Every structure is written in C-alpha cells, then in structure tokens.
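Here is what each chain is made of, one letter per residue.
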Amino acid sequence: MHCKKALIPLLLAVSAWGASFSGAEALEYTRKAVAFGQRPAGSAANRQLQAYIEVQLKQLRCQVTFDAFTATTPTGAVSMRNIIARFPGSGGRVVVLSGHFDSKPIPGVNFLGANDSGSSTGFLLEMARVINSTTHSNDIVLVFFDGEEAFGEWSDTNGVYGSRHLAKKWSEDGTLARIKALINVDMIGDKDLDILYDQNSTPSLRKLVWQTADDMGYGKYFLRDGFPIEDDHMPFVALGVNALDLIDFDYGPRNSLWHTATDTLDKLSAHSLEVVGNVLVAVLRKLES
Ligand SMILES: [Zn+2]
C-alpha cells in the first residue's frame, strides 16, 4: 500500500513523457526514407518522400503545414517545400527541432545519403511519435527542411534553401520572437558517434545540451572541440535565435563517407540515434521550465 502510494507521483511524472525514444524505430524510419533513393530537392523521389512523411505525421495529434517556395539555384528554378509539424502547448513559447530530408544531387554518383539525410529524417519521425505521447507547455515544432544541400559548390547563396526561407517567413509573421530554442540535427546516425562542438551555435544552449549528455553518461559522444559549422541553424542564428546544430562531421576516416556512394545504411546504428534522441527528450523536458 505505502509503496503504491509513493509510486503514484513518479508514475505521473513518467507518463507525462510517455513513450521513450527508440533508436531501432528511428533507424527503421531512416531505412524507409533511404528506400526512396536519391531525393534531391525538386526530384520525384523527394516528393514521394514528402508524401510518406506527411502520412506518418497525420496519424499523430499535430498540425501539419507546408512552406512551399521556388528556389533560384545554379541549375535553375527548383520547387521546394519544408514540412512543419506543430504539437501545440499552452505556454506561448516555441521549441523547434529540425533536420533536412533532401539529399545532395551528385552527378554520376548513386548518392543514397543514409546518414545525410536519412538519419535526420528518421530521427524526426521517431521524435514525432515520442512528442505525440507527451503533455508539454511549449509548442514543440518539428521542421523537415528541404533544400539543405547545395547544387554543386556550397556558398552563401547555394545551400540551406529551406531554412533560409522559413527563417525569413517566421521573422515576418512573429513566430521567430517566440522561439525559446531551435536544435537542428544532421548526420547523427554514424555508428561511431562523435558530435562536433559547433562554434556557430548559441553557447548557452550548447552548454545545456552537453551538460545533459554528461549527466546521462553520454558525454563521450559529444566532443569538447570543434569549429564553426554552416548548417540549417545558421539562418536562425543570423536573426538572433537561440540555436544549436548537432552534427557528426567525422563520418568514416577523415569524414571520407560524407557525400559519397559509401554513405549507406550499414554505417549507421540504432544506438547512435537513440543517444541523440534520449538527450533531446531530456532537453525538451528542461526547456519546459
Ligand atoms: Zn550533405
């Protein structure tokens, strides 16, 4: 009896964040995303993957909207579309988790991008399932960015098309001012997980995530050094948003698997996805206060 009584508050606390993040499920979603093949922005496979993501999200208690636009790229005009899943809270503040689903067009190479961008796609789909089972006061918004990859050589105007478009839109409609934190994930499925200490990210948010990882015994996966990285968080950083990029930019020896035909599912692990998932679920909980 006493034991039972003592357990009630604990059980309530746990059930507020019901499902736990499953790396195996995230890897399975990744496998499904990669099965669409090469999926650069504007391609038929990209649109088919969008439809798949949409079907998954519409089974959940979230509002799904789209941010469609035409990008001017070195290869011409390309139709792109970000997918936004909003799990409403009542507190008026917003926490964003994001990642990209397009893969880099590399002429002559069958680039499947299991890690880049299969892992971010699968990660966000599993995170959607977890958040769906929780109660929270922040609006939790998952953003699937299109057009992260450059068409040819990366530059200030070639790459992060989707995040540049959404940052501008959210700056104009007032959403940006309500964002408490934005955390972007990229290439987080590598079996040999080591997440870069990105120097472009907001130091206080980076500290919160690294401290959380340390407290959970995951410190060895989070590097203590790094360099400034350009990714989908940057258009938000530039507009003053509290933003962080979690990227493992050491994919194979000297990053040799990155943007090659060797970026395949056998290089990934469920455990790596689960480490990042567990840390970010704990961070979402901390950001509630
Ligand atoms: Zn890439």
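The rules behind the values
Residues numbered from 1 in each chain as written. Predicted model: local features only at pLDDT ≥ 70, side-chain atom pairs only at ≥ 80, totals over all residues. Heavy atoms only, no water. Pairing = 2+ DSSP bridges. Helix = DSSP H or I, 4+ residues; strand = E, 2+ residues; numbered from the N terminus. Axes fitted to C-alpha atoms, helices over the stretch in contact; angles between N-to-C directions. Contact = heavy atoms within 4.5 Å. Donors = N, O, S within 2.8 Å, 3.2 Å for Na, K, Ca; no water. Tetrahedral: all angles 85-135°; square planar, octahedral: opposite > 155°, others 65-115°. Parallel < 35°, antiparallel > 145°, perpendicular 65-115°, else oblique. Left-handed = near helix turned anticlockwise from the far one by under 90°.

## Observations regarding the sheet that holds strand β2 (residues 76–87)
Here comes step 1: The six strands lie next to each other as β1-β2-β4-β3-β5-β6, forming an open sheet whose pairing is mixed. Both edges of this open sheet fall to β1 (63–73) and β6 (243–247), since each of them pairs with a single strand only. Strand-to-strand twist of the sheet, defined as the mean angle between neighbouring strand axes without regard to direction, takes the value 20 degrees.
Here comes step 2: Pairing of strand β3 (residues 94–100) with strand β4 (residues 139–145), which is carried by seven bridges, proceeds in the parallel orientation. Bridge pairing links valine 95 to isoleucine 140 in β4.
Here comes step 3: Where helix α3 (residues 44–58) meets the sheet, it contacts β1, β2 and β4, and its direction lies at approximately 10 degrees from that of β2.

## Considerations on the coordination of the zinc ion
Here comes step 1: Binding of the zinc ion to the protein goes through Asp116 (OD), Glu149 (OE), Glu149 (OE) and His259 (NE2), at separations of 1.9 to 2.7 Å.
Here comes step 2: Coordination at the zinc ion is irregular: its four donor atoms span angles of 53 to 151 degrees at the metal.
Here comes step 3: Between consecutive donors of the zinc ion, the numbers of intervening residues give the motif D-x32-E-x109-H. Taken as a pair, aspartate 116 in helix α4 (residues 114–132) and histidine 259 in the loop between β6 and α8 (270–286) lie far apart in primary sequence, 143 residues in all.

## What to know about the packing of helix α6 (residues 203–215) against α8
Here comes step 1: Where α6 contacts α8, the axes come no closer than 9 Å and their chain directions differ by 120 degrees. With respect to α8, the element α6 is oriented oblique. The handedness of the crossing between α6 and α8 comes out as right-handed. Residues Leu208, Val209, Thr212, Ala213 and Asp215 of α6 form the contact with α8, whose participating residues are Val279, Ala282, Val283 and Lys286.

Read these as layout, nothing more, since geometry by itself doesn't imply function.
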